[in-house]
Amino acid sequence: MASGPPPTAAEAYRPNKYVSLPAELDPDTYDASPEKRRAEAERLAIRARLKRQYQLQLNNPNPPAIIEDPALLRWAYARTQNIYPNFRPTPKTSFLGALFAIGPLLFWIGVFKAERDHKEKLIQEGKYKRPFSMF
Amino acid sequence: SELPKELLPGPYPRTPEERAAAAKKYNMRVEDYEPYPDEGFGYGDYPKLPNRSLHERDPWYQWDQQDMRHNWGQPMHWNFDMYIRNRVDTSPTPVPWHTMRKHFLVFLSTMLIMFGLGQIYPSYMPVGPKQYPFNDLYLEKGGDPNKEPPVVTHYEI
């Protein structure tokens with residue numbers, strides 16, 4: 001009995017978060033609709049404006065000491081100083097915080113305590129060999 | 001930093017006007033701009049760009065920063081420092097990833113199972129104790145040369 005149409009090459013490839021679909025298999029590459037072209041034109045306009053700003057600063061006869069990249073500054077700010085103002089305790093963040101921050105601490109406390117108690121028990125019973133040597 | 005407050009990242013945009021302003025701030029089209037979902041993780045209004053590494057960007061285009069393949073003012077991925085060309089690579093592979101994973105797991109599990117079986121059921125060539133000549137090395141082991149050495153036979157008929 002028929003099992004449906006065979007998978008397309010793009011579906012057979014199954015891109016995931018580790019590999020992305022090659023451009024040749026992506027139907028978007030072959031889509032030449034006016035909407036896509038307008039979108040590309042707008043993106044090109046933004047890119048050209050940014051390039052012009054950068055080149056003006058770069059080729060300035062009195063160039064500034066550093067040409068700051070606002071995208072880089074925003075990236076650094078977002079990752080460092082913008083986290084706490086936008087943090088909100090929700091069930092998901094509380095659970096993940098407990099799992100990754102308190103979990104390992106309690107786990108290793110338990111492991112070390114158990115190992116020490118076991119060794120102490122062996123020593124009390126006289127079964128633990130303690131050679132008086134540095135090596 | 002010396003950027004004015006309007007140009008720095010801010011809180012999650014709630015109204016369409018805030019979205020448009022955020023898209024303009026990050027130099028993106030309003031249709032392209034998509035912030036991270038507001039789940040309290042601290043992303044704010046930072047745009048969610050596709051998780052593509054820098055390996056996939058065109059190496060022949062004249063970027064402003066050629067090694068980072070990044071243009072001045074272009075919004076950077078949240079994990080930009082992970083996706084640089086020395087680190088994580090998400091470029092398409094000649095063989096699909098699920099095929100590679102399957103082949104690798106089959107090989108690894110076969111090897112591990114065989115090694116485990118070999119540990120549980122070891123098998124060696126049969127060996128016996130070493131046989132020495134000259135009546136079990138009677139003279140070399142300090143036997144009296146005047147006495148008759150005991151006859152040693154290592155076979156049975």
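It should be noted that the structure appears before, not after, this text.
Residues numbered from 1 in each chain as written. Chains lettered and ligands numbered in written order. Predicted model: local features only at pLDDT ≥ 70, side-chain atom pairs only at ≥ 80, totals over all residues. Heavy atoms only, no water.

### Describing the overall build of chain B
The line we're drawing: Only DSSP runs of H or I covering at least 4 residues are called helices, and only runs of E covering at least 2 are called strands; the numbering of each starts at the N terminus. Values of the radius of gyration come from C-alpha atoms, whereas the globule rule sets the reference at 2.2 Å times the count of residues to the power 0.38. Throughout, exposure labels follow a simple rule: accessible area from a 1.4 Å probe, protein chains only, divided by the maximum for the residue type, with under 20% read as buried, over 50% as exposed, and the rest as partly exposed. Working rule for contacts: check all heavy atoms of both residues, and any pair within 4.5 Å makes them a contact. Surface accessibility in these figures is a Shrake-Rupley result with a 1.4 Å probe; residues are shielded only by whichever protein chains are displayed. We treat Lys and Arg as the positive residues and Asp and Glu as the negative residues; His and chain ends play no part in the count. Lysine's charge is taken at NZ, arginine's at CZ, aspartate's at CG and glutamate's at CD.
Helix and strand counts for chain B stand at three helices and zero strands. For 157 residues, the compact-globule estimate of 2.2 N^0.38 gives 15 Å, and the C-alpha radius of gyration of chain B, at 37 Å, exceeds that figure by more than 25%. Along the three orthogonal principal directions, the C-alpha set of chain B runs to about 115 × 35 × 30 Å. When burial is assessed residue by residue, chain B has 29% of its 157 residues classed as buried. Taking the intrachain contacts of chain B between residues at least 6 apart in sequence as the baseline, contacts between residues at least 24 apart amount to 37%. Entry remark: accessible area of chain B is about 11600 Å², with carbon and sulfur atoms responsible for 60%. If you average the places of the 17 positive and of the 21 negative side-chain charges in chain B, the two averages end up 3 Å apart.

### Quick notes on the nonpolar core
To keep things clear, this is the line we draw: What makes a nonpolar core is a set of buried Ala, Val, Leu, Ile, Met, Phe, Trp, Tyr and Cys residues whose side-chain atoms join them at distances within 4.5 Å.
Grouped together as the largest cluster of nonpolar side chains are 15 residues, with contacts concentrated most on Tyr-33, Tyr-46 and Phe-80 of chain B. For this core, the elements supplying multiple residues, two or more each, are helix H3 (70–80) of chain A together with helix H1 (16–25) of chain B. If we ignore the near neighbours within four places in the chain, the residues touching Phe-80 of chain B are Trp-75 of chain A together with Leu-54, Met-68 and His-70 of chain B.

### Structural notes on the interface of chain A and chain B
Our working rule: The buried area of a pairing is the accessible area, by a 1.4 Å probe, that goes missing from both parts when the two are put together, added over both. Definition used for salt bridges: Asp or Glu carboxyl oxygen within 4 Å of a side-chain nitrogen of Lys or Arg. Classification used: nonpolar for Ala, Val, Leu, Ile, Met, Phe, Trp, Tyr, Cys and Pro, charged for Asp, Glu, Lys and Arg, polar for all others including Gly.
In this assembly, 43 residues from chain A lie in contact with 50 residues from chain B. Summed over both sides, the interface between chain A and chain B buries roughly 4000 Å², with carbon and sulfur atoms accounting for 56% of that surface. On inspection of chain A and its partner chain B, the count reaches six salt bridges. The salt bridge partner of Arg-79 of chain A is Asp-81 of chain B, with a shortest N-O separation of 2.9 Å. Of all the secondary structure elements, the ones that give two or more residues to the side of chain A that touches chain B are helix H1 (9–13), helix H2 (34–58), H3, helix H4 (83–86) and helix H5 (91–125) of chain A. With twelve residues, the single largest contributor to the side of chain A that touches chain B is H2 of chain A. The residue makeup of the side of chain A that touches chain B, split by class, is 21 nonpolar, nine polar and 13 charged.

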